[in-house]
Amino acid sequence: MAETKILVVEDSSIVALDIKHCLTGLGYEVIGVHSTGTAALQQIQTILPDLVLMDINLKGKIDGIETAQRIQELYSIPVIYLTAYSDQETLKRAKITEPFGYIIKPFEERELNTTIEMALYRYKMSKKLQESEKWLATTLRSIGDAVIATDRDIRIKLMNPVAERLTGWTQEEAADMELEQVFKIINESTRKPVSSPARKVLQEGTVVGLANHTLLLNKNGEEIP
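Residues numbered from 1 in each chain as written. Predicted model: local features only at pLDDT ≥ 70, side-chain atom pairs only at ≥ 80, totals over all residues. Heavy atoms only, no water.

1. Here we look at the overall build of the chain
So, step 1. Tallying secondary structure elements over the chain gives nine helices and 10 strands in all.
So, step 2. Relative to the globule expectation of 17 Å for 225 residues, the C-alpha radius of gyration of the chain, 26 Å, shows a markedly less compact shape.
So, step 3. For the chain, the C-alpha atoms occupy an extent of roughly 80 × 35 × 35 Å along the three principal directions.
So, step 4. Every one of the 225 residues in the chain was classed for burial, and the buried ones make up 34%.
So, step 5. Intrachain contacts of the chain at a sequence separation of at least 6 include 50% that bridge at least 24 residues.
So, step 6. Taking the average place of the 26 positive charges on the side chains of the chain and the average place of its 32 negative ones, the gap between the two points comes to 3 Å. (Helix = DSSP H or I, 4+ residues; strand = E, 2+ residues; numbered from the N terminus. Rg over C-alpha atoms; globule rule 2.2 N^0.38 Å. Buried < 20%, exposed > 50% of the residue type's maximum accessible area, 1.4 Å probe, protein only. Contact = heavy atoms within 4.5 Å. Lys, Arg positive; Asp, Glu negative; His and termini not counted. Charge placed at Lys NZ, Arg CZ, Asp CG, Glu CD.)

2. Structural notes on the environment of His-213
So, step 1. You can see His-213 is positioned in the loop between helix H9 (197-204) and strand E9 (214-217).
So, step 2. Judged by relative accessible area, His-213 falls into the exposed class, the value being 54%.
So, step 3. Spatially, the C-alpha atom of His-213 lies 7.4 Å from that of Ser-189, the residues being 24 residues apart in sequence.
So, step 4. Residues contacting His-213, with those up to four places away along its chain left out, are Ile-186, Asn-187 and Glu-188.

3. A closer look at helix H5 (residues 109-142)
The periodicity of an α-helix, 3.6 residues per turn, causes residues three or four positions apart to be oriented the same way.
So, step 1. Its 34 residues place the ends of H5 50 Å apart at the C-alpha level, agreeing with the 50 Å of an ideal helix rising 1.5 Å per residue.
So, step 2. Of the residues making up H5, those classed as buried are Leu-112, Thr-115, Ile-116, Ala-119, Leu-120 and Leu-140. (Expected span 1.5 Å × (residues − 1).)

4. Notes on the sheet that holds strand E5 (residues 101-104)
So, step 1. Taken in spatial order, the five strands line up as E2-E1-E3-E4-E5 in an open sheet, and their pairing is parallel. Where the open sheet ends on each side, the last strands, each with one partner, are strand E2 (29-34) and E5. Along the sheet, successive strands turn relative to each other by an average axial angle of 20°, direction set aside.
So, step 2. Across three bridges, strand E3 (residues 51-54) lies against strand E4 (residues 79-83) in parallel orientation. Paired with Leu-53 across the two strands is Ile-80, which belongs to E4. (Pairing = 2+ DSSP bridges. Axes fitted to C-alpha atoms, helices over the stretch in contact; angles between N-to-C directions.)

5. Structural notes on helix H3 (residues 64-75)
So, step 1. Between its first and last C-alpha atoms H3 spans 16 Å; for 12 residues at 1.5 Å apiece the expected length is 16 Å, and the two agree.
So, step 2. Three or more residues of H3 are buried, namely Gly-64, Ile-65, Thr-67, Ala-68 and Ile-71. For H3, the arc enclosing every buried residue in end-on projection is 160°, short of the 170-degree limit, so these residues lie on one face. With respect to the buried face of H3, the exposed residues turned more than 90 degrees away are Glu-73 and Leu-74.
So, step 3. Those residues of H3 hidden inside the fold are in contact with helix H2 (37-44), E3, E4 and helix H4 (88-96).
So, step 4. Between the side-chain oxygen of the N-cap and the backbone nitrogen of Ile-65 there are 3.2 Å, and the N-cap of H3 in question is Asp-63. (Arc of directions from axis to C-beta. Polar contact = N/O pair within 3.5 Å; in protein donor to acceptor, adjacent residues only side chain to side chain.)

6. Description of the environment of Asp-176
So, step 1. Locating Asp-176 in the fold gives a position in the loop between helix H7 (171-174) and helix H8 (179-182).
So, step 2. For the pair Asp-176 and Pro-197, spaced 21 residues apart in sequence, the C-alpha separation works out to 18 Å.
So, step 3. In contact with Asp-176, other than residues within four places in its own chain, are Arg-155, Ile-156 and Lys-157.
So, step 4. A polar contact is formed between the side chain of Asp-176 and the side chain of Lys-157, at a distance of 2.4 Å.

The structure is reproduced here in structure tokens:
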């Protein structure tokens, strides 16, 4: 099994060497050590690490938080902050970049190892989830039936293209709206609203079918059998 490749971005050469020695002893491969975010980004263009250990206070034009944000946007590589800064303002800025870990220096070798392994596991699971969501979205776009998915509060979370054409609402417009606002159904004879089948499904846990002579009123007021 290939070693995990780690890039270290640390402005103190002494600390950087200590981190490198520690990582090597733990069995990781350190593919580079840099003191600036610019240098780190340049290396990542040619060699992609599996994970980046990032100090927040860096030399140069961009600090560790901005560097981490660019890495996330361009390469989607997990970043762990390894820093001496723990004030609320720094933490607030760091949270925006959604790091996979935050270690305050000085650190213990066991703490570093545990944080790295947890970050790698979380990253692996998030990639699997993204792949599953992509597969689900592709499947829903491909089938011929209209599909609307809601949460337990019956607020719309997803619509496929067939449902968009049928209701007249786009996915973006309908997101987080109550189902009844988009899926308006009435009895063809009485013209009275039909109770939401989704609510009955969630309340009773049963399969529900619509009665004959039910009409859908789309966004433009058109009636669709």
